[in-house]
Amino acid sequence: MSDIIETWFDQPLLFTIAERHVRGRLVRLGPTLQTIMGAHNYPPVAEKLLAEALVLTVLLGSTLKDENGQMTLQAQTGGGPIELLVCDYRGGELRGYLKFDAERLAEVGSDPTLFALFGEGFLAITFDQATTAERYQGIVPLEGASIGEAAEHYFEQSEQIPSLIKLAARHDPEAGCLAGGLLLQHLPEGEVGRDRLHVRHDNTEWEHAKTIAATLKDEELTDPATSLETLAWRLFHEDEVRVEPGIGVSRGCRCSPGYFAGVLAQFPEAERADMADENGRIVVDCAFCSRFFPIPLDEISAHNRAE
Ligand SMILES: [Zn+2]
């Protein structure tokens with residue numbers, strides 16, 4: 001018997017259940033998540049929210065057909081304690097951060113609704129295809145119990161793809177932040193080579209797959225001792241499930257001195273002089289990874305001359 005390859009952390013497992021016209025992704029983030037969180041000092045509620053958003057970003061990013069395509073998730077507040085949440089994914093590189101009002105966030109309790117976190121906020125989901133330079137963006141209200149539920153609405157409204165999304169995150173006393181998720185989608189006909197005549201029947205198939213997926217527990221998604229193959233098997237063992245590994249995920253921040261010099265070059269020279277310290281440098285910090293970049297003023301001017 002050949003060895004079964006198993007997937008544990010920081011790599012999605014892609015699967016299809018051809019006879020039910022269902023495709024899915026399972027992922028569990030561990031070390032990558034801990035690297036991202038390690039650059040910040042988030043309170044538990046904020047950590048959980050960002051962890052789930054990062055899992056969602058990987059799940060959606062792994063549906064990009066274009067390997068160099070980018071998926072961006074951005075939640076904007078409608079007056080809630082979470083002011084901004086941004087995550088993006090490109091070719092396995094993942095990053096994300098959030099901005100919040102600490103005092104107000106401390107008042108929302110340990111299991112807040114999206115409304116308690118964002119007020120009447122909205123979620124923008126953007127897919128950029130690198131090779132064709134095409135961009136798809138959908139914006140949905142941040143309604144429901146979780147950010148996953150809001151993303152389900154995106155698929156229903158913008159893409160007409162029935163979808164189920166489950167996200168879970170917890171803080172393990174030893175390992176740190178662990179999070180996992182499942183994305184299950186009813187494929188549009190064509191992608192699995194069947195015609196529209198079957199659509200009506202497929203709805204019962206989809207309902208069946210959805211009912212099974214709904215039994216998946218949060219603890220299973222974040223259990224470091226259960227491989228993703230085991231999870232897929234537990235859920236869908238009645239069907240033939242084809243699995244393949246997705247692209248491995250790591251923290252990837254695209255900040256660089258050159259990038260910030262370019263951003264600062266947009267400011268008028270007098271304003272730049274005001275922002276500089278006594279050494280003639282503007283110190284910028286990256287919101288994603290919290291690294292500091294001292295950018296000398298003459299480098300910024302050089303950037304403008306190079307344009
Ligand atoms: Zn950075």
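Residues numbered from 1 in each chain as written. Predicted model: local features only at pLDDT ≥ 70, side-chain atom pairs only at ≥ 80, totals over all residues. Heavy atoms only, no water.

Re the sheet that holds strand β11 (residues 250–251)
Then, number 1: If you walk across this open sheet you meet the 6 strands as β7-β6-β3-β4-β5-β11, and the pairing is mixed. A single partner strand is all that each edge strand has here, and the edge strands are β7 (135–141) and β11.
Then, number 2: Summarising the sheet, strand β6 (residues 122–128) and β7 pair through 7 bridges and their orientation is antiparallel. Bridge pairing links I125 to G138 in β7.
Then, number 3: Where helix α2 (residues 44–61) meets the sheet, it contacts β3 (70–76), β4 (82–90), β5 (93–100) and β6, and its direction lies at approximately 30 degrees from that of β4. (Pairing = 2+ DSSP bridges. Helix = DSSP H or I, 4+ residues; strand = E, 2+ residues; numbered from the N terminus. Contact = heavy atoms within 4.5 Å. Axes fitted to C-alpha atoms, helices over the stretch in contact; angles between N-to-C directions.)

Digging into unusual backbone geometry
Then, number 1: Not every positive phi belongs to a glycine, and H21 is a case in point at roughly 55 degrees.
Then, number 2: Relative to the assigned elements, H21 resides in the loop between β1 (13–17) and β2 (22–29).
Then, number 3: Here the phi dihedral of S290 falls at roughly 65 degrees; this positive angle occurs in a residue that is not glycine.
Then, number 4: Within the secondary structure, S290 is located in the loop between β12 (281–285) and β13 (292–296).

Things to note about the pairing of β2
Then, number 1: Buried residues dominate β2, accounting for 8 of its 8 residues.
Then, number 2: Sheet topology places β1 next to β2; 5 bridges connect them, and they run antiparallel. Among the inter-strand pairings, L14 is bridged to a residue of β2, identified as R25.
Then, number 3: Here β1 folds back onto β2, and the loop between the two strands holds 4 residues, one of which, H21, carries a positive phi near 55 degrees. (Buried < 20%, exposed > 50% of the residue type's maximum accessible area, 1.4 Å probe, protein only.)

Some details on the environment of S290
Then, number 1: Overall, the relative accessible area of 25% leaves S290 in the partly exposed class.
Then, number 2: Here S290 is in contact with A39 and H40, once residues within four sequence places are set aside.
Then, number 3: Only 2.8 Å separates the side chain of S290 from the backbone oxygen of A39, close enough to count as a polar contact.
Then, number 4: Looking at S290, its side chain comes within polar contact range of the side chain of H40, at 3.5 Å. (Polar contact = N/O pair within 3.5 Å; in protein donor to acceptor, adjacent residues only side chain to side chain.)

Examining the pattern of salt bridges
Then, number 1: Evaluated as defined, the whole model comprises 11 salt bridges.
Then, number 2: A salt bridge links D128 to R135, with the shortest nitrogen-to-oxygen separation between them at 2.7 Å.
Then, number 3: One salt-bridge network, in which partners are shared between bridges, spans R20, E205 and D239. (Salt bridge = Lys/Arg side-chain N within 4 Å of Asp/Glu carboxyl O.)

Some remarks on the packing of aromatic side chains
Then, number 1: One pass over the full model with this rule turns up 7 aromatic pairs.
Then, number 2: Between Y42 and F100, the ring centres sit 6.2 Å apart and the planes meet at 55 degrees, which makes this aromatic pair tilted. Taken together, the residues span a long stretch of sequence, with Y42 in the loop between α1 (31–38) and α2 and F100 in strand β5 at a distance of 58 residues.
Then, number 3: Each ring, one from F127 and one from Y154, has its centre 6.4 Å from the other, and the planes form 35 degrees; the classification is tilted. In this pair, F127 is assigned in strand β6 and Y154 in helix α5 (residues 147–159), connecting sequence segments 27 residues apart. Here the two residues F127 and Y154 agree in accessibility, since each one is buried.
Then, number 4: Chaining the aromatic ring pairs together yields one cluster made of F127, Y154 and F155.
Then, number 5: Looking at R95, its charged tip hangs above the ring of F288, at a distance of 4.0 Å from the centre. (Phe/Tyr/Trp six-rings, centres within 6.5 Å; stacked < 30°, edge-to-face > 60°. Lys NZ or Arg CZ within 6 Å of the ring centre and 35° of its normal.)

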